[in-house]
Amino acid sequence: MTKKRDLLTLRDLTVHEHLALFRRAAVLKHARHERRPVNTMVGRTLVMIFEKASTRTRLSFQAAMLQLGGTTIDLSAANSQMARGEPLADTARVTGRYCDAVMVRTFGDERIREFAAHCEVPVINGLTDDGHPVQVMTDLFTVTERLGEVKGKTIAFVGDTASNMGRSFTRGAGLFGYHLRLASPKGYHPADDVLTPSKDFVALSADPQEAVKGADVVVTDVWTSMGQEAESKQRLADLGGYQVDAKLMKLAAPHAVFLHCLPAHRGEEVTAEVLDGPQSAAWDEAENRLHVQKALLEFLISDHELRRQTR
Ligand code: CP
Ligand code: NVA
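Below is a summary of the structure that appears in this document. (Residues numbered from 1 in each chain as written. Chains lettered and ligands numbered in written order. Predicted model: local features only at pLDDT ≥ 70, side-chain atom pairs only at ≥ 80, totals over all residues. Heavy atoms only, no water.)

Let us now look at the site of ligand 1. The full set of residues close to ligand 1 is Ser54, Thr55, Arg56, Thr57, Arg105, His132, Gln135, Cys261, Leu262 and Arg289. One of the backbone nitrogen or oxygen atoms of Leu262 is found 2.9 Å away from a nitrogen atom of ligand 1. In the environment of ligand 1, an oxygen atom lies 3.1 Å from a nitrogen or oxygen atom belonging to the side chain of Arg289. A majority-of-atoms criterion places ligand 1 in the largest pocket. Each residue belonging to the shell around ligand 1 can be placed in one class, and the counts come to two nonpolar, five polar and three charged. (Near = heavy atom within 4 Å. Polar contact = N/O pair within 3.5 Å; in protein donor to acceptor, adjacent residues only side chain to side chain. 1 Å grid on protein atoms, 1.4 Å probe; cavity = no way out; pocket = protein on both sides within 12 Å on 5 of 7 lines; lining within 4 Å. Sits in = over half its atoms within 2 Å of the grid points. Nonpolar A, V, L, I, M, F, W, Y, C, P; charged D, E, K, R; others polar.)

Here is the structure:
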């Protein structure tokens, strides 16, 4: 199998590569806003495999490929032989022969790792229980748009910081050099294996007010992620004091930006006033998935083509 690059976690790219993708995403965004066609992916196919629900990830990856002149195939796992027990490795081997890259949304991280190990083309993590790297790349791109750069900024994540979003933000802290404050009740902080590589950049707290004080960015995520529905009552009780509301936002820096990857539950992790208010970048964040993922697809697919030609 030719060597290829995957994007399974944020740390699969160097910070320089991430920043180069941000610059390319800005160019692609400008072109899109002017409705100038960019045809860098003509003849290329992205397969998308969903084992969990999705709106933004499905739409943004599909729109990205189509707008770059390529195409996508959306394989709902429930309607494939995967649901009838075909081994994941066999599905990966076969899928890689039909396309130029695969985006996978699944449960355990071991599933996407197994898939990537047996797939001959680049594999992109479109969310697992352990991370949501394309979303956090996009969030950090959105911060650069609003505040100049992410290095040296203070980001406060309030709520379930052990969620896939919390874990990817934690992995990104040491890589990008931002200071991350994680405010969660006991049992809702990321585990040591996630914290350790970023330990000099991450502070844990149980106090949302302490975490948000003077922060440049305030982030939250749903309290019950996909796959945790059976725990939702307990989670609601445990996380009840961790809502991002206008009073909490007032403690952040005056220029502070609020981020939420969506879907949001107004009245739970965030109030409508904050999500729909002037400091919220949630809607730009959703749009930016399109531009950042275009840059990522171009990078991974062209890198793989170069390796194939020169092997
Ligand atoms: N933010 C995000 O990944 O949204 P979807 O679950 O709708 O894809
Ligand atoms: N943490 C959420 C993110 C959704 C995009 C979940 O996994 O459901």
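Moving on, there is more to tell.
Looking now at the packing of helix 5 (residues 133–147) against helix 12 (residues 282–309). Where helix 5 contacts helix 12, the axes come no closer than 8 Å and their chain directions differ by 110°. By the angle between their directions, the pair helix 5 and helix 12 is classed as roughly perpendicular. In contact with Val134, Gln135, Met137, Thr138, Asp139, Phe141, Thr142, Glu145 and Arg146 of helix 5, helix 12 contributes Asp284, Glu285, Asn288, Arg289, Val292, Gln293 and Leu296. (Axes fitted to C-alpha atoms, helices over the stretch in contact; angles between N-to-C directions. Helix = DSSP H or I, 4+ residues; strand = E, 2+ residues; numbered from the N terminus. Parallel < 35°, antiparallel > 145°, perpendicular 65-115°, else oblique. Contact = heavy atoms within 4.5 Å.)

Before going further, it helps to examine the environment of Ala64. Secondary-structure assignment places Ala64 in helix 2 (residues 56–67). In this structure, the C-alpha to C-alpha distance between Ala64 and Val292, residues 228 residues apart in sequence, is 9.1 Å.

What follows is about helix 6 (residues 164–176). The first and last C-alpha atoms of helix 6 sit 18 Å apart over 13 residues, in line with the 18 Å expected at 1.5 Å per residue. Among the 13 residues in helix 6, eleven count as buried, and that is most of the element. Of all the positions in helix 6, only Asn164, Met165, Gly166, Ser168, Phe169, Thr170, Arg171, Gly172, Ala173, Leu175 and Phe176 are classed as buried. Where helix 6 terminates, the next one or two residues include Gly177, which has phi positive at roughly 80°. (Expected span 1.5 Å × (residues − 1). Buried < 20%, exposed > 50% of the residue type's maximum accessible area, 1.4 Å probe, protein only.)

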